[in-house]
Amino acid sequence: MLEKKQTNLSTVVLTTIGIIAVVVVCVGGSYAYFTATAKSEEQTITTGTLTTKYTSGQDINATNIIPTEEDEAQLHKFSVQNTGSQPTTLKLSLVETSLKKGDMDTTSANLKWALYNATDAYVEDGEAIATGNFATVNPTVLLKESISINASTTEYFILKIWLDEIDAPQNEDQGMTFSTKIQADMQ
């Protein structure tokens, strides 16, 4: 019987020591896990800077628009200068766009736009780089995405907006009022 009590006592002692050891390892590991710190070298993030100049203004407004051809469209001239030291990618949009007839929102597939690259004297430089219409009108209209612009350079643009003459009565287009703004953003 004495032997059995010693065996039970030994088992209890060993079990207790095992439990204490497990608790010490868990507490020590948890303490090490929660007190670990990490360091890294200083990091610098450099982004470019754009300067947008609107020769004919940022705002575009038209009332009682009459049908015409593209070559008679009103020109909106602007440039975008990358004043940073890195090349960047540019996105051009029309923002705060509104097309109304009276007080009601409207649309017109005949109201068109075309975006051109231009020289520094604002002469069209080739074919249109983007075109569209206002068959659906959203407050933001994407003109052109992903235009690359090198560091310390200026890109010139011409935007034309006109009511296309379709050689048929355009009563649905009479009395429209259009307003928007040109916006340039880095991507």
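What counts and what doesn't
Residues numbered from 1 in each chain as written. Predicted model: local features only at pLDDT ≥ 70, side-chain atom pairs only at ≥ 80, totals over all residues. Heavy atoms only, no water. Helix = DSSP H or I, 4+ residues; strand = E, 2+ residues; numbered from the N terminus. Buried < 20%, exposed > 50% of the residue type's maximum accessible area, 1.4 Å probe, protein only. Contact = heavy atoms within 4.5 Å. Areas by Shrake-Rupley, 256 points an atom, 1.4 Å probe, with all protein chains shown as cover. Polar contact = N/O pair within 3.5 Å; in protein donor to acceptor, adjacent residues only side chain to side chain. Phe/Tyr/Trp six-rings, centres within 6.5 Å; stacked < 30°, edge-to-face > 60°. pLDDT = per-residue confidence, 0-100. Patch = residues over 30% accessible without salt bridge, like charges linked within 9 Å, V, L, I, M, F, W, Y side chains within 5 Å. Salt bridge = Lys/Arg side-chain N within 4 Å of Asp/Glu carboxyl O. Lys, Arg positive; Asp, Glu negative; His and termini not counted. Charge placed at Lys NZ, Arg CZ, Asp CG, Glu CD. Core = buried A, V, L, I, M, F, W, Y, C linked by side-chain atoms within 4.5 Å.

Participant: I'm lost on the overall build of the chain in this one. Help?
Facilitator: For the chain, the count of helices and strands is 1 helix and 11 strands. Secondary structure of the chain in N-to-C order comes out as α-β-β-β-β-β-β-β-β-β-β-β. Taken over 187 residues, the chain has a buried fraction of 27%. Within the chain, contacts between residues separated by at least 24 positions form 82% of all contacts whose residues are at least 6 apart in sequence. Put simply, the chain shows about 12200 Å² of open surface, and 52% of that area lies on carbon and sulfur atoms.

Participant: Would you explain the side chain of serine 108 in this entry?
Facilitator: You can see serine 108 is positioned in strand β7 (residues 108-118). Within the structure, the side chain of serine 108 is placed 3.2 Å from the backbone nitrogen of leucine 111, a separation counted as a polar contact.

Participant: Quick question: what am I supposed to make of the side chain of histidine 76 here?
Facilitator: Looking at where histidine 76 falls in the secondary structure, it is placed in strand β4 (residues 74-82). If we skip the residues at most four places from it in the chain, histidine 76 touches Ser56, Ile60, Phe157, Ile158, Leu159 and Ile182.

Participant: Just checking my understanding: could you explain the packing of aromatic side chains for this structure?
Facilitator: Working definition: an aromatic ring pair is given by the centre-to-centre distance plus the angle between the planes. With the rule as written, the count across this model stands at 4 aromatic pairs. For the ring pair tyrosine 54 and phenylalanine 78, a centre distance of 6.3 Å and an interplane angle of 35° mean the geometry is tilted. Here tyrosine 54, found in strand β1 (residues 50-54), pairs with phenylalanine 78, found in strand β4; they are 24 residues apart in sequence, far enough to count as distant. On the accessibility criterion, tyrosine 54 (24% relative accessible area) is partly exposed. Among the aromatic residues, those joined into a cluster by ring pairs are Tyr54, Phe78 and Phe157.

Participant: I would appreciate a short explanation of the confidence of the model for the chain in the present structure.
Facilitator: Caution applies to low-pLDDT parts of the model: their predicted coordinates are not meant to be read in detail. Within the chain, residue pLDDT values average 81, and 78% of them lie at 70 or more. This stretch, residues 30-40, has a pLDDT under 50; its non-local contacts, to residues over four places away or in other chains, come to 0 contacts.

Participant: I'm lost on a negative patch on the surface in this one. Help?
Facilitator: There is a patch of like negative charges on the surface, built from Glu69, Asp71, Glu72 and Asp167. In this structure, aspartate 167 sits in the loop between β10 (153-164) and β11 (176-186).

Participant: Help me out: how do you make sense of the pattern of salt bridges in this one?
Facilitator: Pairs may arise between side chains of opposite charge once their charged atoms sit close together. Taken as a whole, this structure holds 5 salt bridges when the rule is applied. One connected set of salt bridges, linked through shared partners, spans Asp59, Glu96 and Lys181.

Participant: So what exactly am I meant to see when it comes to the nonpolar core here?
Facilitator: Among soluble globular proteins, nonpolar side chains are generally buried collectively. Counting residues in each nonpolar core, the largest one holds 26 residues, and the members touching the most others are Val80, Leu92, Trp113, Leu115 and Leu159. Only β4, β5 (88-101), β7, β8 (130-134), β9 (141-149), β10 and β11 provide two or more residues apiece to this core. In this structure, leucine 92 is in contact with Phe78, Val80, Leu115, Leu142, Leu143, Lys144, Ile147, Phe157, Gln183 and Ala184, ignoring residues within four places of it in sequence. In this structure, Ala73, Tyr116, Tyr122 and Trp162 belong to the second largest nonpolar core, which totals 7 residues.

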